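# Coordinate inspection notes
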Amino acid sequence: MHSTLSLSQATTVPRSNYAFDSHSPSFALSKPINLRFCGLRREAFGFSNLTQSCSSRVRISSRGHSKKIVASAGNNGTPLKSFNYDLIIIGAGVGGHGAALHAVEKGLKTAIIEGDVVGGTCVNRGCVPSKALLAVSGRMRELQSEHHMKALGLQVSVAGYDRQGVADHANNLASKIRSNLTNSMKALGVDILTGVGTILGPQKVKYGKVGFPDSIVTAKDIIIATGSVPFVPKGIEVDGKTVITSDHALKLEFVPDWIAIVGSGYIGLEFSDVYTALGSEVTFIEALDQLMPGFDPEIGKLAQRVLINPRKIDYHTGVFATKITPARDRKPVIIELTDAKTKEPKDTLEVDAALIATGRAPFTNGLGLENINVVTQRGFVPVDERMRVIDANGNLVPHLYCIGDANGKMMLAHAASAQGISVVEQVTGRDHVLNHLSIPAACFTHPEISMVGLTEPQAREKGEKEGFEVGIAKTSFKANTKALAENEGEGLAKLIYRPDNGEILGVHIFGLHAADLIHEASNAIALGTRIQDIKFAVHAHPTLSEVLDELFKSAKVKAPASSSPVSEPVAV
Amino acid sequence: MAHVLQTSFLPSSTSLGLNPISGSKGKSQAFQVKAKIREIFMPALSSTMTEGKIVSWMKSEGDKLSKGESVVVVESDKADMDVESFHEGFLAAIMVEEGGVAAVGSAIALLAETEDEIAEAKAKSQSSSASSAQVVEEKPKPKEEVAQAASVAASVASTVSSTKTVAVGSAVHPASEGGRRIVASPYAKKLAKELKVDLGTVVGTGPMGRIVAKDVEAAAAAGVVAASGHASQQHASPAKAAPVAPGIELGTVVPFTTMQGAVSRNMVESLSVPTFRVGYTITTNALDGLYKKIKSKGVTMTALLAKATALALIQHPVVNSSCRDGNSFTYNSSVNIAVAVAIDGGLITPVLQDADKVDIYTLSRKWKELVDKARAKQLQPHEYNTGTFTLSNLGMFGVDRFDAILPPGTGAIMAVGASQLTVVASKDGHIGMKNQMQVNVTADHRIIYGADLAAFLQTLAKIIEDPKDLTF
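Residues numbered from 1 in each chain as written. Chains lettered and ligands numbered in written order. Predicted model: local features only at pLDDT ≥ 70, side-chain atom pairs only at ≥ 80, totals over all residues. Heavy atoms only, no water.

### Overview of the UniProt feature "binding site: NAD(+)" (unreviewed entry) in chain A
Residue and element names in this part refer to chain A. The feature "binding site: NAD(+)" (unreviewed entry), as given by UniProt, occupies Gly263, Ser264, Gly265, Tyr266, Ile267, Gly268, Leu269, Glu270, Glu286 and Gly359 in the numbering adopted here. For Gly268, the location among the structural elements is in helix H12 (residues 266-277). By relative accessible area, which is 0% here, Gly268 ends up buried. Ignoring any residue separated from it by four or fewer positions in sequence, one finds Gly268 in contact with Ile261, Gly263, Phe284 and Ala357. In this fold, Glu270 is placed in helix H12. Contacts of Glu270, omitting those with residues within four sequence positions, involve Ser130, Lys131, Leu134, Ala442, Cys443, Phe444 and Thr445. (UniProt positions renumbered as here; feature names shortened; annotations may be inferred. Helix = DSSP H or I, 4+ residues; strand = E, 2+ residues; numbered from the N terminus. Buried < 20%, exposed > 50% of the residue type's maximum accessible area, 1.4 Å probe, protein only. Contact = heavy atoms within 4.5 Å.)

### Points about the UniProt feature "binding site: FAD" (unreviewed entry) in chain A
All names here are of chain A. Here, the residues flagged by UniProt with the feature "binding site: FAD" (unreviewed entry) are Lys131, Gly197, Thr226, Gly227, Ser228, Asp405, Met411, Leu412, Ala413 and His414. Mapped onto the elements of the fold, Lys131 is located in helix H8 (residues 127-144). Along the polypeptide, Met411 turns up in the loop between strand E18 (396-402) and helix H14 (413-427).

### Let's talk about the sheet that holds strand E12 (residues 319-325) of chain A
To summarise the sheet geometry, strands pair through backbone hydrogen bonds and adopt either a parallel or an antiparallel arrangement. Residue and element names in this part refer to chain A. Ordered in space as E12-E13-E14, the 3 strands form an open sheet in which the pairing is antiparallel. Strand pairing shows two members of the sheet lacking a second neighbour, E12 and strand E14 (345-351), which therefore form its edges. The average undirected angle you get between the axes of adjacent strands in this sheet is 25°. (Pairing = 2+ DSSP bridges. Axes fitted to C-alpha atoms, helices over the stretch in contact; angles between N-to-C directions.)

### Quick word on the nonpolar core
Counting 54 residues, the largest nonpolar core has Val319(B), Ile337(B), Phe389(B), Leu391(B), Met414(B), Leu453(B) and Phe456(B) as its most contacted members. For this core, the element with the highest residue contribution is helix H9 (residues 301-315) of chain B, accounting for 9 residues. Filtering out sequence-adjacent residues up to four positions away, Phe389(B) remains in contact with Thr309(B), Leu313(B), Val319(B), Asn320(B), Asn336(B), Ile337(B), Ala338(B), Ala412(B), Ile413(B), Met414(B) and Phe456(B). Leu250(A), Val306(A), Ala357(A) and Ala442(A) belong to the second-largest nonpolar core, a separate cluster that totals 50 residues. (Core = buried A, V, L, I, M, F, W, Y, C linked by side-chain atoms within 4.5 Å.)

### So, unusual backbone geometry
All names here are of chain A. Between His446 and the following residue, Pro447, the backbone shows a cis peptide bond with an omega angle of 0°. Omega for the peptide link from His541 to Pro542 comes to -5°, which places this bond in the cis form. Within the element layout of this structure, Pro542 appears in the loop between helix H19 (531-534) and helix H20 (546-554). Positive phi values are uncommon outside glycine, yet Met292 reaches one of about 55°.

### A look at the pairing of strand E4 (residues 196-201) of chain A
All names here are of chain A. By the bridge criterion, 5 bridges tie E4 to strand E5 (residues 204-208) in an arrangement that is antiparallel. Paired with Gly201 across the bridge in E5 is Lys204. The loop that links E4 with its antiparallel partner E5 comprises 2 residues; one of these, Gln203, has a positive phi angle of about 60°.

### Description of the packing of aromatic side chains
Tallying each qualifying case throughout the model produces 4 aromatic pairs over all chains. Look at Phe329(B) and Tyr331(B): their rings are 5.7 Å apart centre to centre, the planes differ by 5°, and that puts the pair in the stacked class. Look at Tyr331(B) and you get exposed, because its relative accessible area is 52%. The aromatic ring of Tyr187(B) is capped on one face by Lys312(A), whose charged end is 4.2 Å from the ring centroid. (Phe/Tyr/Trp six-rings, centres within 6.5 Å; stacked < 30°, edge-to-face > 60°. Lys NZ or Arg CZ within 6 Å of the ring centre and 35° of its normal.)

### Overview of the pattern of salt bridges
A complete count under the given rule lists 36 salt bridges over all chains for this structure. Residue Asp314(A) pairs with Lys189(B) through a salt bridge whose shortest N-O separation is 3.1 Å. Of the two residues, Asp314(A) sits in strand E11 (residues 313-317) while Lys189(B) sits in helix H4 (residues 186-195), which places them in two different chains. Where Glu469(A) meets Lys558(A), a salt bridge forms, and the shortest distance between an N and an O atom there is 3.2 Å. Here Lys558(A) lies in the segment after H20 and Glu469(A) lies in the loop between helix H15 (456-466) and strand E21 (471-476), a separation of 89 residues in the sequence. If you follow the salt bridges from partner to partner, you end up with Asp296(A), Glu298(A), Glu456(A), Arg460(A), Lys474(A) and Lys494(A) in one network. (Salt bridge = Lys/Arg side-chain N within 4 Å of Asp/Glu carboxyl O.)

Given below as structure tokens:
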């Protein structure tokens, strides 16, 4: 009841923003939908069992399952009045926020400890401000494309931009989302405790600001959600001006003529989109042999043809940036490149700025993990599939969970939130294992790249191991009316599936609004919907979603469609 | 998509109308002659595609191909796509090289069934390749500077800049190790490859001596493409035997630079506009007097002429209009006077924006700045492609009258001759000496008619003959 009443304006706004940013409707929508989500999940479980799925997507280990039930039932049975809270979350990023909201909904007395600003990386130094910059770069790109404008019959005089104005837009967006987030938690009655949280022992946490006495609080369950910081390899000197990380780049304090971007993953790729749209030239430095590692190779190849080759970008692959010196004494930024295989010095670059986008490192120092005998692995907190923390001896630490970047399972804002919700489900008595293969990911270049599940090589490897055939279906955006109307026909959607039973193994999209399109596929994976069934779902015409419609329809599945989900036909 | 691609690999003997071009070759599917050498056709990757560009060959001549293997990457009007082989065999001969363009349905390579047939296929390709595909060298990219430079009429104007000499290895970039290493920005490298410019011969003008895109463009425009890169060449200055412009080798055929190519295209395009000309003789004594008076304040004749033209244009908006689609007038909201300037290897039209509103002193300063920028090839697109009316002045060469070609996309261009001392009969029957210049306006007759031009010229003459308004 409490939760329904508190569904105020303030809580709705941030969530919708969130959904846009992190593309997972599963956690980000307003409460009633959340409840339905849970309901659907139960159906999904049932469905999997019925069809005798041999997939490991939803793993219900019977042993762990029953133990857990016993444990939680036991805990629930004993009223523990001695705790200050039912749940304490350390870190008020997207993961902590998602967990806190769900905990309140489940009736838990919840506190969240934050040593910095509410919102964490995503809201303050990550997805949110970068989306503001990308919104600008997308428009600039469009306005600068004379060819594109002409094709639409538009005439635009020269497009220009005001750097400070763009930077302000990003900053304003971050503060708006931050205050929305804070308000939503306050409105629901989540206590926000300010200070750095440290675990003192089982179910006990201290927190406090520097120079003030610490407070100690206890809780039945604790979630670590401390997130991550940009990872800077050895030998690279970050000065925050000419050698920068994403933290600095998002402030857009200057637009260099030539910037080297170390790392060509999501972060590097998105920034290359921003910088080239604002007039910079970009050099990628990638340690692996090809750009955009981690993407499906075919999508990566196409993306390179569209996002890299025609733009003012060149690249060095198979090299490490072993030493980067910031610009000083009227010298440029100097980057020493070393061959990744032979370790021989290979080249030296002199550029105006360097952006270090080599990934992110967990932020787990000072958490007091030693007090509970937990040893991090490369900084990550070891957890099992239910996000329960594992100690140095390989045993589970009772009542302690770790979600998000700090556990390193899937370093995405919406994955953290989904993990948090999963934990809350567990501590409130319902076993739940999150299917990470159903979590979509997106890169907000122009056009966007999105994916869910396995890449083709991963699927083929799995197929070989488990003895099933892998099918591939592809559709082009060129065949889509809406894409052509927008004059944005460049793009590809790719479906990786099992022809024998119609299971969706992975979907990869490169094209207009790919990040928004992926959810039909990710929801299908999450709910266990098979291709032979989803192909009968109707899509509005003309919409981009028909790209996926066509994709499902072009798959050649041998299994027949299951009986209609609507038991009685509805006449209209 | 896959089924579309398959149409591209039809054996020449059996293709039956699937490809419009190859359709005529074979009439009957029934008599399927076993073709040993198959042609690989440019596939139709989309319904609107008429020709495709070969982005890259993924296989080389002589390589074995298996069915379904990617052979070539083709750029259609929308995207690049891998094209797969529909047959097994050997890639015998590549008929359209990378970067080349071929019409949909035309052969781009030959596929031999066995290794022995490769030679035969090669011979076949040599006889037919010339006709079936054209390889586009230096495909002119829509480079801003070039496109606009070309949009000016054939007339050339005042500022003829000195020929830039090509220094070798003089980049002073701190990390360039005394010129041994070439430091060039990513886009400069891309452009150099595209324009076939040897970066070793380019002087960097970017930050700390780095080679940037405009340096490469300048090098390409200056025609130093083939420069061997030896400093000694410079010292061996051409013998003074004949007044031949330096750097031109007689008896050679030199392909257009991109800028020249763009000029050529624009000039041809201007032929589709029905133009006519109206001339007028204007007395310039008063203007010359004014010029003498304010010359010391940095005012230039170009600025004065631009100002006078702008003031006349606001009274005759139709002359400042343009016809872009053949169906309508576009009355431009501002009066932007473009003035043609000759630069190395081409010409460009820096634009004096809002020349009717800006005062003459500011206008003169602006003009100087634009010319400096033009010479350094640093003009921004809005500084050379926003002109609504063009001025071309050859007066400084002593030319008394000439005829300009209308730049596509504008309504009119005015050719200005030299002001000369002339014997004139005045109205009261006396004979006197006056400075007179001839102007000749070329205009688009779809929107600007004879009377419009005549009235405009009359206004212009009044302004120039009584130039007090020029200084406000």
